[in-house]
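What follows is each chain in one-letter form.
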Number of protein chains: 2
Amino acid sequence: MGDTAPRGEAASERVAAHLRQAILSGEIRPGSRIRQEEIAEQLGASRLPVREALRMLEAEGLTQLEVNKGARVPAFDRAQLDVIYEMRERIETLALRLSLPHLTSAHEAELYRLQDRIEATTDVATFLDLDRQFHLLSYVGCPSGELLASVTRLWNSTQHYRRAFMLHKAEERWMIVNAEHRLLLDAIARRDEVDCERFLSGHIRRTRIQLVDHPEIFDD
Amino acid sequence: MGDTAPRGEAASERVAAHLRQAILSGEIRPGSRIRQEEIAEQLGASRLPVREALRMLEAEGLTQLEVNKGARVPAFDRAQLDVIYEMRERIETLALRLSLPHLTSAHEAELYRLQDRIEATTDVATFLDLDRQFHLLSYVGCPSGELLASVTRLWNSTQHYRRAFMLHKAEERWMIVNAEHRLLLDAIARRDEVDCERFLSGHIRRTRIQLVDHPEIFDD
DNA sequence: CGTAGTAAAAATGGATCCATTCTGGCGGGA
DNA sequence: TCCCGCCAGAATGGATCCATTTTTACTACG
């Protein structure tokens, strides 16, 4: 290796972090195969921590491993993505409800700051990242690690299709998302459970409907 | 090794199957540490497929791995289990709704047969196993693998606490569960989405409330 | 010309060995 | 007496090497 320090951090976690970034950024596309020794050589590690990392990412919904057939990034068709969004609707509204009482004013301020940055950017990659940060931050008060892990898995699974969608209908989508975020933000600031649930489930439902209506997104 | 055939099946999957059974049956209790070489020696394999298996089970919610600290079976307190049951309420009603249109009469017959066996048994371990089979079978028509995996994870996480609960309040719980199962079964046979959702969410909610009300279950 | 069979190449799974990190018990000092 | 630090044993993480499976490309046959 010679560049990064093996001290202090587990090699498998470094590999996992690298692959996680590569998959979420779209560098590695859904359906494509991930060759262990290719990654190992690329990161200056042996194949073993790579296998370990691929298993870690499997628990996060970012890879799928089959015996003797290697690892792939899972790909979804319209029907499958539709279900994932219905899961998001139910899981994330629960997460927000449980998070709401524990959100501090610091969290609130950070949410507003994130939304300002979302409205300021014109870059799709930045938008996707900030949008993800925005929602996940709103769940940060949630006292259940299991629930947060589920939410993260769902976001991981949808990441690629959100990007494909934004690349098509960016300008229109931008405005809708921002309007819905503002409504949600104010409901959060008011600690209004009912409005939070209403706005969030509506936000996810409308995204789902629009997303599934674009066949060109699913050209794999 | 010398006893089991390494042919045809991956060693890591054999190890995973063994550990899965051991954890779900309560042989390995939540919170307890799982030593890699102990399992490896016990099953006549090296430590590598054991690590692999532990990672697989992590994706199923049956183990938790920490760097340099080994693997543990996750344990939950009352608040955490409460959240898991709220997730079950939302996720499983969705799974049943999506499964319902694809259930065949053969599935129905098998569900009735399972319920008959549930009512016939007096053994807690058998009851837990059949109850799990009953519910998971009702979701088998669900077209989404992600959703089924989520449901399975939730059942894995609750398994130990269901058992602890049944060991305490068995006779009372038995009758309630059976009554609720019969209502659910008939709703499934009628393909009645509304009643299915109502009976299932009620079933899970009442189980949650009773379960969380028993502090002795959480003595770890 | 297309397809099935086969063999070489590549990729994955597993075992053994070594390095690093955690754990637990002991002793010394405040 | 209690607490902190240190040392030995044990457990985990990683690297290299070998076996098995998959894949792919080539050849031969229909």
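Residues numbered from 1 in each chain as written. Chains lettered and ligands numbered in written order. Predicted model: local features only at pLDDT ≥ 70, side-chain atom pairs only at ≥ 80, totals over all residues. Heavy atoms only, no water.

### A closer look at the sheet that holds strand S3 (residues 70-72) of chain A
All names here are of chain A. Read from one edge to the other, the open sheet built from 3 strands follows the order S1-S3-S2, with strand pairing classed as antiparallel. What marks the edges here is a single partner per strand, and that holds for strand S1 (33-34) and strand S2 (64-66). Direction of pairing for S1 relative to S3: antiparallel, over a ladder of 2 bridges. In the sheet register, Arg 33 faces S3, and the bridge partner there is Arg 72. The strands touched by helix H3 (residues 47-59) are S1, S2 and S3; relative to S2, the strand with the most contacts, the crossing angle is about 125 degrees. (Pairing = 2+ DSSP bridges. Helix = DSSP H or I, 4+ residues; strand = E, 2+ residues; numbered from the N terminus. Contact = heavy atoms within 4.5 Å. Axes fitted to C-alpha atoms, helices over the stretch in contact; angles between N-to-C directions.)

### A look at the packing of helix H1 (residues 11-24) of chain A against H3(A)
Residue and element names in this part refer to chain A. Interaxial distance between H1 and H3 falls to 8 Å at its minimum, and their mutual angle equals 55 degrees. Accordingly, the angle class assigned to the pair H1 and H3 is oblique. In this structure, H1 meets H3 at a crossing whose hand is right-handed. Taken together, the residues of H3 that come into contact with H1 (itself represented by Ala 11, Ser 12, Glu 13, Val 15, Ala 16, Leu 19, Arg 20 and Ile 23) are Pro 49, Val 50, Glu 52, Ala 53, Leu 54, Met 56 and Leu 57. (Parallel < 35°, antiparallel > 145°, perpendicular 65-115°, else oblique. Left-handed = near helix turned anticlockwise from the far one by under 90°.)

### Details of the protein's contact with DNA strand D
Taken together, 19 residues lie around DNA strand D, and A:Ala11, A:Ser46, B:Gln36, B:Glu37 and B:Arg47 are the ones closest in. Taking the atoms of DNA strand D that fall within 4 Å of the protein, sugar and phosphate contribute 74% of them. Between DNA strand D and A:Ser12, the relevant distance is 3.1 Å, taken from a phosphate oxygen to a main-chain nitrogen or oxygen of the residue. Within the surface near DNA strand D, the residues separate by chemical class into 6 nonpolar, 6 polar and 7 charged. (Near = heavy atom within 4 Å. Polar contact = N/O pair within 3.5 Å; in protein donor to acceptor, adjacent residues only side chain to side chain. Nonpolar A, V, L, I, M, F, W, Y, C, P; charged D, E, K, R; others polar.)

### Some points on the packing of aromatic side chains
Any two aromatic rings considered together are summarised by their centre-to-centre distance and by the angle between their planes. For the structure shown, the criterion picks out 6 aromatic pairs over all chains. Each ring, one from B:Phe127 and one from B:Trp174, has its centre 4.8 Å from the other, and the planes form 40 degrees; the classification is tilted. Here the residue B:Phe127 occupies a position in helix H6 (residues 124-138), and B:Trp174 occupies one in helix H7 (residues 145-189), the gap between them amounting to 47 residues. Using a relative accessible area of 2% as the deciding quantity, one classes B:Phe127 as buried. Owing to a relative accessible area of 11%, B:Trp174 belongs among the buried residues under this scheme. Three or more aromatic residues joined by ring pairs form one cluster here, namely A:Phe76, A:Tyr161 and A:Phe218. Taking the ring centre of A:Phe199 as reference, the NZ or CZ of A:Arg198 above it sits at 5.8 Å. A cation sits over an aromatic face here: B:Arg88 above B:Trp155, 4.3 Å from the ring centre. (Phe/Tyr/Trp six-rings, centres within 6.5 Å; stacked < 30°, edge-to-face > 60°. Buried < 20%, exposed > 50% of the residue type's maximum accessible area, 1.4 Å probe, protein only. Lys NZ or Arg CZ within 6 Å of the ring centre and 35° of its normal.)

### Quick look at unusual backbone geometry
All names here are of chain A. Even without glycine at this site, Asn 68 takes up a positive phi of about 65 degrees. On the secondary structure map, Asn 68 appears in the loop between S2 and S3. Asn 68 sits in the exposed class, given a relative accessible area of 79%.

### Some thoughts on the protein's contact with DNA strand C
Around DNA strand C there are 20 residues in total, and A:Gln36, A:Glu37, A:Arg47, B:Ala11 and B:Ser46 lie nearest to it. Considering the 4 Å shell around the protein, atoms of DNA strand C inside it are sugar or phosphate in 74% of instances. The side chain of A:Arg51 places a nitrogen or oxygen atom 3.3 Å from a base nitrogen of DNA strand C. The set of elements that each furnish at least two residues to the surface near DNA strand C consists of S1, helix H2 (36-43) and H3 of chain A together with helix H1 (11-24) and helix H3 (47-59) of chain B. Residue classes in the surface near DNA strand C are distributed as 7 nonpolar, 6 polar and 7 charged.

### Details of the relation of the copies chain A and chain B
Of the transformation placing chain A onto chain B, the axial shift is 0.0 Å and the rotation is 180 degrees, giving an RMSD of 0.0 Å. This pairing of chains is accounted for by a two-fold axis. Minimal C-alpha separation from the rotation axis in chain A is found for A:Ala59, amounting to 2.0 Å. With an isologous cut-off of 70% or more, the 100% of interface residues of chain A that recur at the interface of chain B puts this contact in the isologous class. (Least-squares fit on C-alpha atoms with pLDDT ≥ 70 in both.)

### Observations concerning the domain arrangement of chain A
Residues and elements named next belong to chain A. By the assigned domains, chain A splits into domain 1 (11-72) and domain 2 (78-218). Counting residues at the interface gives 10 residues for domain 1 and 8 residues for domain 2. Between domain 1 and domain 2, roughly 670 Å² of surface is buried when both sides are summed, and carbon and sulfur atoms account for 49% of that area. Among the residues of domain 1 in contact with domain 2, Leu 24, Pro 30 and Glu 60 are the three that bury the most area, contributing 59% of the side total. Linking domain 1 to domain 2 there are 0 salt bridges. Inspection of the domain 1/domain 2 interface yields 5 residue pairs in polar contact (both at pLDDT 80 or more). When grouped by side-chain class, the residues that make up the side of domain 1 that touches domain 2 number 5 nonpolar, 3 polar and 2 charged. (Domains from an automatic or database assignment. Buried area = accessible area lost by both parts, 1.4 Å probe. Salt bridge = Lys/Arg side-chain N within 4 Å of Asp/Glu carboxyl O.)

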